[in-house]
Amino acid sequence: VWNGHINVSKKGNIIARFGDAMTIIGWRRYFKNPRLISYGPVDFDHFPKGTGLFTAPRSTLLAAIEWFEQNTTDIKNSSDDTLLIRHITEAEKIWLSPEFSATYFARTTLSAFLKHSYFRGQFFVDGFLRKGTRFYYPLLGFLGLSLALVFACILWPQLLPPLLIFGSILWVVEFFAGILMKLKLADAGSLFLLTPIFIVTYGAGIWTAIIKKILKNSTRFN
């Protein structure tokens, strides 16, 4: 089973630079030193994977797809590259190497970026709101923190200015953190410029998926 190494075409595309920077940070264990490696279920969330460039025996894929269709909670908004490939690693490891690669051409417009971020936020819930995944507790933390911030600002509006100042400081720190992680200056700049927009749209996608889950479970209960 092989997952492809993706090289992003970034020239003149701030959106592509942002996406590549996020990828490098999220899967730093591999991208700080791209090499031939294999990974399984234990370290699955620390390495890149996706169905865009992926190869496996037909029988393996058919079995995984059958499992996937039975275990996703929302097949329309489910991340197949998270659930489906994760299941495959329970039987055999996935290989990854810079020698098996492709070039990815990212979205080029802000509207396409916003739409994609919103839908990926929904996919994230189905893929990671499951115990044992790397982002299960961070996802719970985001839900709790975002809800608490909204209620706090409604009940105590005077908190809004200091919260904005604190958020601005974190925003600047993010830029320098990217430089320390050896991101290219243009990539760190893209991360800095698009992060606020991404957080809002991606977060909206996460909350959309959560609300859908609540409504769906409520309907079942009734």
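These figures come from a predicted structure and were not determined experimentally.

About the thresholds
- Residues numbered from 1 in each chain as written.
- Predicted model: local features only at pLDDT ≥ 70, side-chain atom pairs only at ≥ 80, totals over all residues.
- Heavy atoms only, no water.
- Buried < 20%, exposed > 50% of the residue type's maximum accessible area, 1.4 Å probe, protein only.
- Helix = DSSP H or I, 4+ residues; strand = E, 2+ residues; numbered from the N terminus.
- Contact = heavy atoms within 4.5 Å.
- Pairing = 2+ DSSP bridges.
- Axes fitted to C-alpha atoms, helices over the stretch in contact; angles between N-to-C directions.
- Parallel < 35°, antiparallel > 145°, perpendicular 65-115°, else oblique.
- Nonpolar A, V, L, I, M, F, W, Y, C, P; charged D, E, K, R; others polar.
- Core = buried A, V, L, I, M, F, W, Y, C linked by side-chain atoms within 4.5 Å.
- Salt bridge = Lys/Arg side-chain N within 4 Å of Asp/Glu carboxyl O.
- Phe/Tyr/Trp six-rings, centres within 6.5 Å; stacked < 30°, edge-to-face > 60°.
- Lys NZ or Arg CZ within 6 Å of the ring centre and 35° of its normal.
- 1 Å grid on protein atoms, 1.4 Å probe; cavity = no way out; pocket = protein on both sides within 12 Å on 5 of 7 lines; lining within 4 Å.
- Points joined across faces, edges and corners; volume = space filled by probe spheres on them.

(A) Molecular detail of helix α4 (residues 80-88). By the criterion of burial, α4 is predominantly enclosed, with seven of the nine residues buried. Within α4, burial applies to Asp81, Thr82, Leu83, Leu84, Ile85, Arg86 and Ile88. Buried-residue contacts for α4 involve β1 (2-9), β3 (54-55), α3 (58-71), β4 (94-105) and α5 (110-128).

(B) Broad picture of the sheet that holds β1. Read across the open sheet, the four strands follow the order β2-β4-β1-β3; overall the sheet is mixed. Only two strands of the sheet have a single neighbouring strand rather than two, namely β2 (37-39) and β3.

(C) Molecular detail of the packing of α4 against α5. Relative to each other, α4 and α5 sit at 25 degrees, their axes nearing to 8 Å. Taken together, the axis directions place α4 and α5 in an arrangement best described as roughly parallel. Contact residues: Asp81, Thr82, Leu83 and Arg86 in α4; Arg120, Asp126, Gly127 and Phe128 in α5. Partitioning the contact of α4 with α5 into residue classes produces two nonpolar, two polar and four charged.

(D) Representation of the nonpolar core in the model. If you look at the biggest cluster of nonpolar residues, it comprises 36 residues, and the most contacted ones within it are Tyr39, Phe54 and Ile206. If you tally residues by element for this core, the top one is helix α8 (residues 185-221), at eight residues. The residues contacting Ile206, other than those within four sequence positions of it, are Gly121, Gln122, Phe124, Val125, Leu139, Phe142 and Leu143.

(E) Looking closely at the pattern of salt bridges. Taken as a whole and judged by the stated rule, the model has five salt bridges. A salt bridge links Lys10 to Asp20, with the shortest nitrogen-to-oxygen separation between them at 3.0 Å. Placement of Lys10 in the loop between β1 and α1 (14-26) and of Asp20 in helix α1 is noted, with a sequence separation of ten residues between them. As a salt-bridge pair, Asp187 and Arg17 come within 2.7 Å of each other at their nearest N and O atoms. In this pair, Asp187 is assigned in helix α8 and Arg17 in helix α1, connecting sequence segments 170 residues apart. Connected through salt bridges with shared partners, the residues Lys10, Arg17, Asp20 and Asp187 form a single ionic network.

(F) Summary view of the packing of aromatic side chains. Applying the stated criterion across every chain, the model contains 18 aromatic pairs. Ring-pair connections join several aromatic residues into one group, and the members of that group are Phe18, Phe113, Phe124, Phe128, Phe135, Phe198 and Tyr202. Over the face of the ring belonging to Phe44 we find Lys49, whose NZ or CZ atom lies 4.4 Å from the ring centre.

(G) Main features of unusual backbone geometry. Here the phi dihedral of Lys182 falls at roughly 70 degrees; this positive angle occurs in a residue that is not glycine. One can find Lys182 in the loop between α7 (160-180) and α8.

(H) Expanded view of the pairing of β4. Strand direction decides the pairing type here: β1 and β4, joined by eight bridges, are parallel. Bridging across to β4, His5 finds its partner in Ser101. Bridge count between β2 and β4: three bridges; the pairing is antiparallel. The partner of Tyr39 across the bridge, within β4, is Ile94.

(I) The pairing of β1, seen in detail. Bridge count between β1 and β3: two bridges; the pairing is antiparallel. Its bridge partner lying in β3, Asn3 is registered against Phe54.

(J) Summary view of the environment of Ile75. Checked against the element boundaries, Ile75 lands in the loop between α3 and α4. Taking the C-alpha atoms as reference points, Ile75 and Thr208, 133 residues apart in sequence, are found 15 Å from one another. Beyond its immediate stretch of four places on either side in the chain, Ile75 contacts Phe68 and Glu69.

(K) Structural context of the layout of surface pockets. Each pocket or cavity is described by its volume, and for the second largest pocket that value is around 200 Å³. In terms of lining, the second largest pocket is formed by twelve residues, of which the most central are Thr73, Asp74, Ala209, Lys213 and Lys216. Among the elements that make up the lining of the second largest pocket, the one with the highest residue count is α8 (six residues). Looking at side-chain class alone, the lining of the second largest pocket contains two nonpolar, four polar and six charged residues.

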